[in-house]
Amino acid sequence: MSLLSWLRSTKETVGNVGETLPTSGSEHEDELPTDLNHTEKPVQSSSQLMETELACLVPESLYQPFLLFPQRSFGNQQRAFCSSWYSKYPWLHYQEVCDSVLCFYCLVAYKRGLGSIASNKSSDDKFTKIGLSNWKKALTKFDKHQNSLSHRDAIDQVMCRNKDVGEILRKGYAEEKAENRRMLQIIITSKRYLGRQGLALRGHYKTGDDIVERGETDSNFIQLLKTRAEDNPGLFNWMKKSQSKFTSPDIQNEIISIMALMILRKIASELSGKIYTIMVDETTDLSNTEQMVLCLRYVDDDLEVHEEVIGLHSLESTSADMIVSTIQDILLRLNIRIDHCRGQCYDGAYNMSGVRSGVATQLIRLESRALYTHCYGHALNLATQDALKGVKIMKDALDTVFEITKLIKKSPKRDIIFQRFKDDVTIASPGLRVLCPTRWTVRAEALASIAENYHALQLTWDVAKDATRDTEMRARIGGVAAQMEKFDFFYGISLGRKLLNIVDNLSRSMQAKNISACDGQRLVDMTHKTLQSMRTDECFGLFWGYLECRRSSVDVSSPTLPRRFEKGDCAPEYPTTVQDNYRRIYLEAIELIVTTTTNRFQQKGFKMMQKLETVLTSVQQPQLSEGIKDVVEFYCPDFNHPDCLLTQLNILHTSTDNPMTDLESIVTHLKSLGIAERVFFSEVIKAVKIILVMPATNAVSERSFSALRRLKTWLRTTTTQSRLNWCMLLHVHKEKTDALQMISVGNEFISRNDSRVQLFGKF
C-alpha cells in the first residue's frame, strides 16, 4: 500500500492543520523540529502539503512496509531502519516521507485526545509528533518507550475506546508474549537440569562497562543458556538484552524455590492422612554448619514403601530440645499431624536416644505410639567395632591395614610403585580400598584388597624404603613391612575378611528401602545361624588349610605358640599346638560378633513390632489371644475392636489354600486384592502398614549426606541455607524433579508480579 493510496483511503481527520511532522529525514535528530504547533505559514510544496495532511490524520491501520530503507550517516557508520523490528515492536508505524517511525497507539491516543498523552504531561514527542529516526539508538529508545507508563496508558485507552484498533495489534502482542514465554520456559528448564544434576548455577561475577558481558557470565547457568542459544536465534537475542533477561541470582533463587516447594507440596499431599516414621540425622558440612536432615517414611494404599527427604535445616545446637523444636516446626509447615507418627529411627547418640530427655523420649510423650528403633545400620556398625576390639589379633591387623592404606594412598610416588608391581604380579586383583571406620560396608573389601595384593605390597615396601630419605617415614614403612611378614597379621586379615564379609552382606541387605524393622531382625537371626554353623572343627580345618595354601605364595613366617604367662592362682591352660591356639581365636571372634550383635539388637520398641507380626502370621487363632489384646490396646485409636481384627485374620488365613506364615506372603496376597476386598480386610491392612512403616536402617539420611557433599563443595561454601536446601530437594528427588510441570512453574512465577503478567501473559 503506497502512501498516497493510504492517504486517499483515510476518511477521518482530526486535529489542527497547523500540526506538521518533519518535512524530511534529517541526518541527526537534533535537527528535527521540537514544536509542531508553530504558526508560521507553511510552504505549499507538494511534499510539505503531504506531510501536513499526514499529521492531521488518524491512521486506521499500521503501516509496516518491507522496503529498501534509506540509509543515514551516524559518524562513520551508515544505518537504516530494519523491518525485523516489526516482530519485536509491533506498535511501530513507519513514515516513508520522512523516514521515521511513530508509535501507533500513542499517535492515535494523542490525535483523539485520550488519556494522559492528550495533556502532554507524559507523552514522548518522538513517538507522537516528530517521529524517531535515530537508528543508532533505536533499540534503546524502543525498549524505553515500550516500558513507559504513557505507552501502556495509550494501549489501554485505544483498546477500550476502539475494539477494532485493539484487534489490529492483538496478534502482534500475542506473538511477542508467546516468544517471551518460550524464552522463560528455556530458562526454567535449564535451572531444573542444573538442580537435578547437583551442578552449581552461579559463577564468578564480572564487573565492567560492558552490560552484556557484566555479571555471572562464566556460570554454568549462563553458559548452558549460551549453548542452547546456538540452535535458538530467539534465545540468542534474548541473552543480548541489557535487562529483563530473568537470569539474575534473585530470579534463580525464586524459580528454584518454586520448583522445590512444588516437590514438598507433592510429598505433603501424598503423606496426608497416612501413618509415617520420622528419621533424623546430623552432620557438619564444609562451612562448619551443623546440618540436620529430616526424612519421612510412609506406606501408600498399595502397600508400597516410600522414604522421602524433606530437607536440610541448620541447627544452632544439637541439643534434643532444638531438634524436637525443628521437627515440630517442619511438620507444622507441611500440615502433617504428629499423632499419625508411628515410628522413630535415629542413631544411638545420647541427644537422640536419651532415656530422660532425648528426642525419641520427647516425641513419645507427644505420641505414645511413635516407637523408637535404633538404626540397625548404626547398631551393626557399633557391634562390629566392639567385636573387633575384643580380638587383639584382628584389632592389630586392622590398625596395620589402616596404616598401609595411608602410606599408599597419600603418596603418589608410592602409589605408582605399587601399581607397577601390581600390574606385574597380580594384574587381575582389585586396587587398594581405604579402610574407613565409619562406613558400614567397606571393611571386608579393604581387607580383601590387602590379601589379594599381599606380594605386590611386600615388593613395594622394599623399593619405597630405599627411595625415602626421611627417617620417620622409613621407620613407618619398615614397621609395616615387618608386620606383613608375621603370621599373626596374615591370620588377622584373613579371619577378618571371612567374618566381615558376612556382616557387610547383612548391612547391605538392611539398607534397602523395602526392608522393615521386622525384616531386619529376621536377617540378623539368619546371620547368627550362619555364624553359629561356622563354630565347628570342620569349618576351622577348611579355613586353616586355605591359610597354609596362601602362605606358601607370600613371604610370611610360620605360626608359633605365644609365650607363656602365669597369672593368678588358677592352673594355667596352654594350647598344645599352633593350630589349637588359632582355633581358640577363631571361635572367640565368632562368639564375640554373635554376642555384640545380639545385645545391640535387643531393643524395647521392637518387642511390640514382633508381637504384632506374630499376631498376623498365626494361622489358627480361635479366640482372642494376649497378643491381639496387647496390640489393640497399644494401638487403640488405630483398630476398632479386637474382635474385628481377629475375625479378619481368620478369614484371611482361610481364604487361600497356601498357608501364609510370614509377613512377605501376607503383603503379596493383600497387594493382589481389589478395592472391595481391601476394604474387607481393612484392619489387617492397618496392622501391615504399622509393621512396614518402621524401617530397619536410616540409610536414606546417610545417602542425603553424600548428596550434600556433592552439592556443598569447597567452591560453594558460601551458598545460603535456603538455596542449599532447594538445590538439595531437586537433586535428591530426581524423579519428582523430572515430573514437574514447567507450565505450572512458569505460571506461578509470572503471577507473582504484575509486570511479568504484562510481559509474558499466561502459559
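Under the annotation held in an unreviewed UniProt entry, the protein carries the name Zinc finger MYM-type protein 1-like and is attributed to Oopsacas minuta.

The next subject is the pattern of salt bridges. Where charged atoms from two side chains of opposite charge approach closely, those side chains can pair. Scanning the model with the defined rule gives 36 salt bridges in all. Between Lys 266 and Glu 270 there is a salt bridge; the shortest N-O distance is 4.0 Å. Taken together, the positions of Lys 266 and Glu 270, both in helix 11 (residues 249–271) and 4 residues apart, correspond to about one turn of that helix. Using a relative accessible area of 45% as the deciding quantity, one classes Lys 266 as partly exposed. Glu 308 is the salt-bridge partner of Lys 736, the closest N and O atoms lying 3.1 Å from each other. With Lys 736 in helix 33 (residues 734–738) and Glu 308 in strand 7 (residues 305–314), this pair connects stretches of sequence that are 428 residues apart.

This paragraph deals with the confidence of the model for the protein. Predicted confidence across the protein gives a mean pLDDT of 83, with 86% of residues reaching 70 or more. This model gives residues 1–56 a pLDDT under 50, and the stretch forms 91 contacts once residues within four places in sequence are excluded.

Here we come to the pairing of strand 2 (residues 77–80). One ladder, built from 4 bridges, connects strand 1 (residues 71–74) with strand 2; its direction is antiparallel. Its bridge partner being in strand 2, Gln 71 is matched across the sheet by Ala 80. Connecting the antiparallel pair strand 1 and strand 2 is a turn made up of 2 residues, with Gly 75 showing a positive phi of about 70 degrees.

Attention shifts here to the packing of helix 16 (residues 392–409) against helix 21 (residues 487–510). Taken N-terminus to C-terminus, the directions of helix 16 and helix 21 make an angle of 95 degrees; their axes are 8 Å apart at the nearest point. Regarding the angle of helix 16 to helix 21, the classification is roughly perpendicular. Counted together, Ile 393, Met 394, Ala 397, Thr 400, Val 401 and Ile 404 of helix 16 and Asp 488, Phe 489, Tyr 491, Gly 492, Ile 493, Leu 495 and Gly 496 of helix 21 form the full contact between these two elements. Taken together, the residues of the contact of helix 16 with helix 21 break down into 9 nonpolar, 3 polar and 1 charged.

Let us look at the environment of Glu 282. For Glu 282, the location among the structural elements is in strand 5 (residues 276–284). Here the alpha-carbon distance between Glu 282 and His 313, two residues 31 residues apart in the chain, equals 9.5 Å. Glu 282 has contacts with Glu 290, Gln 291, Met 292, Leu 315, Ile 323, Asn 351, Met 352 and Phe 705, leaving out every residue within four places of it along the chain.

What follows covers helix 22 (residues 517–533). Relative to the 24 Å expected for 17 residues at 1.5 Å per residue, helix 22 spans 25 Å between its end C-alpha atoms, a close match to the ideal helical length. Among all positions in helix 22, only Ala 517, Cys 518, Asp 519, Gly 520, Gln 521, Val 524, Thr 527, His 528 and Leu 531 are buried. For helix 22, the elements touching its buried residues are helix 15 (376–390), helix 21, helix 24 (578–600), helix 25 (604–617) and helix 30 (682–692).

Our next topic: the packing of helix 15 against helix 16. Each packed pair of helices is defined by two parameters, the angle between the axes and the distance between the axes. Here helix 15 crosses helix 16 at 105 degrees, and the two axes come no closer than 5 Å. In terms of orientation, helix 15 and helix 16 fall into the roughly perpendicular class. Listed contacts from helix 16 to Leu 388, Lys 389 and Gly 390 of helix 15 are Lys 392, Met 394, Lys 395 and Leu 398. Along the lines of polarity and charge, the residues of the contact of helix 15 with helix 16 split into 3 nonpolar, 1 polar and 3 charged.

Spatially, 7-6-5-8-9 is the arrangement adopted by the 5 strands of the open sheet, whose pairing is mixed. The open sheet has two edge strands with one neighbour each: strand 7 and strand 9 (371–374). Ignoring which end each strand starts from, the neighbouring axes of this sheet average 20 degrees apart.

Quick look at the nonpolar core now. Core analysis: the largest hydrophobic core is formed by 103 residues, its most contacted members being Trp 461, Tyr 491 and Leu 670. Here the element with the most residues in this core is helix 21; it accounts for 12 residues. Those residues in contact with Tyr 491 that lie beyond four places of it in its chain are Ile 393, Phe 540, Phe 543, Trp 544, Leu 547, Tyr 582, Ile 585 and Tyr 586. If you look at the next biggest cluster of nonpolar residues, it comprises 62 residues, including Leu 296, Ile 327, Val 359 and Tyr 372.

What counts and what doesn't
Residues numbered from 1 in each chain as written. Predicted model: local features only at pLDDT ≥ 70, side-chain atom pairs only at ≥ 80, totals over all residues. Heavy atoms only, no water. Salt bridge = Lys/Arg side-chain N within 4 Å of Asp/Glu carboxyl O. Helix = DSSP H or I, 4+ residues; strand = E, 2+ residues; numbered from the N terminus. Buried < 20%, exposed > 50% of the residue type's maximum accessible area, 1.4 Å probe, protein only. pLDDT = per-residue confidence, 0-100. Contact = heavy atoms within 4.5 Å. Pairing = 2+ DSSP bridges. Axes fitted to C-alpha atoms, helices over the stretch in contact; angles between N-to-C directions. Parallel < 35°, antiparallel > 145°, perpendicular 65-115°, else oblique. Nonpolar A, V, L, I, M, F, W, Y, C, P; charged D, E, K, R; others polar. Expected span 1.5 Å × (residues − 1). Core = buried A, V, L, I, M, F, W, Y, C linked by side-chain atoms within 4.5 Å.

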